[in-house]
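Structure at a glance
Here is how the chains run, residue by residue.
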Amino acid sequence: NAGVTQTPKFQVLKTGQSMTLQCAQDMNHNSMYWYRQDPGMGLRLIYYSASEGTTDKGEVPNGYNVSRLNKREFSLRLESAAPSQTSVYFCASAGYEQYFGPGTRLTVT
Amino acid sequence: EDKVVQSPLSLVVHEGDTVTLNCSYEVTNFRSLLWYKQEKKAPTFLFMLTSSGIEKKSGRLSSILDKKELSSILNITATQTGDSAIYLCAGTWGDQKLVFGQGTRLTINP
């Protein structure tokens, strides 16, 4: 039982490059989330998925897209990375409580 | 707009002190309030509160929700250096959305 896994752990992109952050959970949770965390800003919700086949915008969705591929997987895509997207990204899934993945540290130069 | 606000943003105390962290929320269709502790990596779950006035306790940590005041507090008694962390509170809404406050950075000095 791995909980919530995220890949990659670290990534450096140049402005304009694209990439997909992968997230998977093995707890059979319906709800999954993507957050970004910047210093002094807490965790800000980018997108969430209340169930397989549905996705909704959170507080800061601009510049991101998501796919809920199946119940286990929820990916986050940056189509054209910008320096403002430099952050630590956390994926989470929720049943009674919310479990977080280990995070991806992304730097955009 | 759904919003969660924490105070203070930063707190420095001596080992053995008792601290109280605050969380207030503005919501539509509120369901529950959660507290997390974040050290160097991902946040770890502490408490989920759904009913007003019922204290949840785990060791030296306790928390209570006041739905009339739209707020919650997290108390830590007899603090230890290992309690140093960022404490996050978050509100859940009817559509499963979870929104976090900015966090309180707690530093316990020996």
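This section reports on the structure supplied with the text. (Residues numbered from 1 in each chain as written. Chains lettered and ligands numbered in written order. Predicted model: local features only at pLDDT ≥ 70, side-chain atom pairs only at ≥ 80, totals over all residues. Heavy atoms only, no water.)

**Quick notes on the interface of chain B and chain A**
Of the residues lining the interface, 17 residues belong to chain B; the matching set on chain A comes to 19 residues. Buried surface at the junction of chain B and chain A, both sides included, amounts to about 1500 Å², of which 59% is carbon and sulfur. The interface formed by chain B and chain A contains zero salt bridges. Viewed at the interface, chain A and chain B are joined by three residue pairs in polar contact (both at pLDDT 80 or more). Residue assignment for the side of chain B that touches chain A shows that the elements contributing at least two residues are β4 (30-38), β5 (44-49) and β10 (98-100) of chain B. Counting residues per element, the side of chain B that touches chain A draws most heavily on β10 of chain B, which supplies three residues. Within the side of chain B that touches chain A, the residues separate by chemical class into nine nonpolar, four polar and four charged. (Contact = heavy atoms within 4.5 Å. Buried area = accessible area lost by both parts, 1.4 Å probe. Salt bridge = Lys/Arg side-chain N within 4 Å of Asp/Glu carboxyl O. Polar contact = N/O pair within 3.5 Å; in protein donor to acceptor, adjacent residues only side chain to side chain. Helix = DSSP H or I, 4+ residues; strand = E, 2+ residues; numbered from the N terminus. Nonpolar A, V, L, I, M, F, W, Y, C, P; charged D, E, K, R; others polar.)

**Here's the deal with the state of the cysteines**
All names here are of chain A. Counted under the stated rule, the structure contains two disulfides over all chains. One disulfide bridge connects C23 with C91, the sulfur atoms lying 1.8 Å from each other. Across the S-S bond linking C23 and C91, the dihedral sits near -70°, which makes this disulfide left-handed. Taken together, the positions of C23 in strand β3 (residues 19-25) and C91 in strand β9 (residues 87-94) put the pair 68 residues apart, joining distant regions of the chain. In this pair, the class of C23 matches that of C91, namely buried. (Disulfide = S-S within 2.5 Å. Buried < 20%, exposed > 50% of the residue type's maximum accessible area, 1.4 Å probe, protein only.)

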